[in-house]
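Notes for the structure review
In case you want the letters, here they are:
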Amino acid sequence: VQLVESGGGLVQPGGSLRLSCAASGFTFSSYFMRWYRQAPGKERELVAGITSTGGITNYADSVKGRFTISRDNAKKTVYLQMNSLKPEDTAVYYCHAIIRFHDYWGQGTQVTVSS
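Residues numbered from 1 in each chain as written. Predicted model: local features only at pLDDT ≥ 70, side-chain atom pairs only at ≥ 80, totals over all residues. Heavy atoms only, no water.

1. Here's the deal with the overall build of the chain
What the chain contains, in helices and strands, is zero helices and 11 strands. Rg of the C-alpha trace for the chain: 13 Å, near the compact-globule value of 13 Å for 115 residues, within the 12% margin. Counting only C-alpha atoms, the chain reaches 40 × 25 × 20 Å along its principal axes. Classification of the 115 residues of the chain by burial places 42% in the buried group. Summarising the internal contacts of the chain: among those between residues at least 6 apart in sequence, 51% fall at separations of at least 24. Counting only carbon and sulfur atoms, one obtains 48% of the accessible surface of the chain, whose full area is about 6,000 Å². For the chain, the separation between the mean place of its 12 positive charges and that of its 8 negative charges on side chains is 6 Å. (Helix = DSSP H or I, 4+ residues; strand = E, 2+ residues; numbered from the N terminus. Rg over C-alpha atoms; globule rule 2.2 N^0.38 Å. Buried < 20%, exposed > 50% of the residue type's maximum accessible area, 1.4 Å probe, protein only. Contact = heavy atoms within 4.5 Å. Areas by Shrake-Rupley, 256 points an atom, 1.4 Å probe, with all protein chains shown as cover. Lys, Arg positive; Asp, Glu negative; His and termini not counted. Charge placed at Lys NZ, Arg CZ, Asp CG, Glu CD.)

2. Here we look at the side chain of aspartate 89
Turning to its location among the elements, aspartate 89 is positioned in the loop between strand 8 (77–82) and strand 9 (91–99). Each residue touching aspartate 89, except ones within four places of it in the same chain, is listed here: Arg37, Arg66, Phe67, Ser84, Val111 and Val113.

3. Here we look at the state of the cysteines
Should the sulfur atoms of two cysteines be covalently bonded, the bond is a disulfide. One pass over the full model with this rule turns up one disulfide. Disulfide pairing is shown between cysteine 21 and cysteine 95; the S-S distance is 2.2 Å. Because the sign of the S-S torsion sets the handedness, a value of about -85° for the bond joining cysteine 21 and cysteine 95 places this disulfide among the left-handed ones. Placement of cysteine 21 in strand 3 (residues 17–24) and of cysteine 95 in strand 9 is noted, with a sequence separation of 74 residues between them. Assigned by exposure class, cysteine 21 and cysteine 95 land together as buried. (Disulfide = S-S within 2.5 Å.)

4. Examining the sheet that holds strand 3
In any sheet, the strands associate via hydrogen bonds between backbone groups, in a parallel or an antiparallel arrangement. The strand order across the open sheet formed by four strands is 1-3-8-7, and the pairing between neighbours is antiparallel. In this open sheet, the two strands that pair with only one neighbour each are strand 1 (2–6) and strand 7 (67–72). Each adjacent strand pair in this sheet contributes to an overall mean axis angle of 15°, direction not counted. In this sheet, strand 8 lies alongside strand 7 in antiparallel orientation, the contact comprising six bridges. Bridging across to strand 8, threonine 68 finds its partner in glutamine 81. (Pairing = 2+ DSSP bridges. Axes fitted to C-alpha atoms, helices over the stretch in contact; angles between N-to-C directions.)

Structure representation (structure tokens):
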């Protein structure tokens, strides 16, 4: 199993970024996928989740209305569209899946929101 995030970077407040997580080594279309983030000195927190078909999504209250999670099962990729970014969104963002009772994480991608 491999999860590889990309798309992070430095953006000004109010800006947008789209994160991608390319999956391999498992039947991607069968699994719920999540994005987490971890800011310096803070615990890792759940940002968003999406069902295997993409039909149901959920979000942390802090990002609701600003972030959108989606997936392309043909490309084995899950996305996180982040709009109206705030400095408090600064964190390392991780892709996550639970496969056969094991937790799998990507290496993370840094998002920095600063003027």
